[in-house]
Amino acid sequence: MVPDDPALAGVPSGGRVTSRLIVGLTAWWLAFPIAFWAGSALFDGDVYVDSFWDWVGRILLILAIGGALLSPIAGIVVSLAGRRRGACVQFAMMAALSFGVFFYFLYALLTVD
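The rules behind the values
- Residues numbered from 1 in each chain as written.
- Predicted model: local features only at pLDDT ≥ 70, side-chain atom pairs only at ≥ 80, totals over all residues.
- Heavy atoms only, no water.
- Helix = DSSP H or I, 4+ residues; strand = E, 2+ residues; numbered from the N terminus.
- Buried < 20%, exposed > 50% of the residue type's maximum accessible area, 1.4 Å probe, protein only.
- 1 Å grid on protein atoms, 1.4 Å probe; cavity = no way out; pocket = protein on both sides within 12 Å on 5 of 7 lines; lining within 4 Å.
- Points joined across faces, edges and corners; volume = space filled by probe spheres on them.
- Nonpolar A, V, L, I, M, F, W, Y, C, P; charged D, E, K, R; others polar.

Description of the environment of Phe52
Next up, step 1: Examined against the element boundaries, Phe52 turns out to sit in helix α2 (residues 52-81).
Next up, step 2: Here Phe52 falls in the exposed class, since its relative accessible area comes to 56%.
Next up, step 3: A C-alpha to C-alpha distance of 9.7 Å links Phe52 and Leu42, two positions 10 residues apart in sequence.

With respect to the layout of surface pockets
Next up, step 1: Its volume calculated, the largest pocket comes out at about 320 Å³.
Next up, step 2: When residues of the lining of the largest pocket are traced back to their parent elements, those giving at least two are α1 (14-42), α2 and α3 (85-110).
Next up, step 3: If you tally residues by element for the lining of the largest pocket, the top one is α3, at five residues.
Next up, step 4: Taken together, the residues of the lining of the largest pocket break down into 11 nonpolar, one polar and no charged.

The structure is reproduced here in structure tokens:
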């Protein structure tokens, strides 16, 4: 649908913005294992020496954890606001998988002897 006002011709409609946000959040969730692997490979854990690659590794680990835990929640909010039921179900399944694995690892870390 093309708007009648030429000043609004370059502004995307709400449906396209919602679709782009859903695709971006899905891509962020799909890319978090790669970011987690790269971040853990770059981060050596030496607390006395902070090199450039340690900072890059830390940022990648933060992005990976955010992709795993925050992107499904943000996707549910965006898909509910955009009235996309299929996307909402998809993000709910992504959240269930992500939080299930996260709580399993948290339980495993807390009960280690």
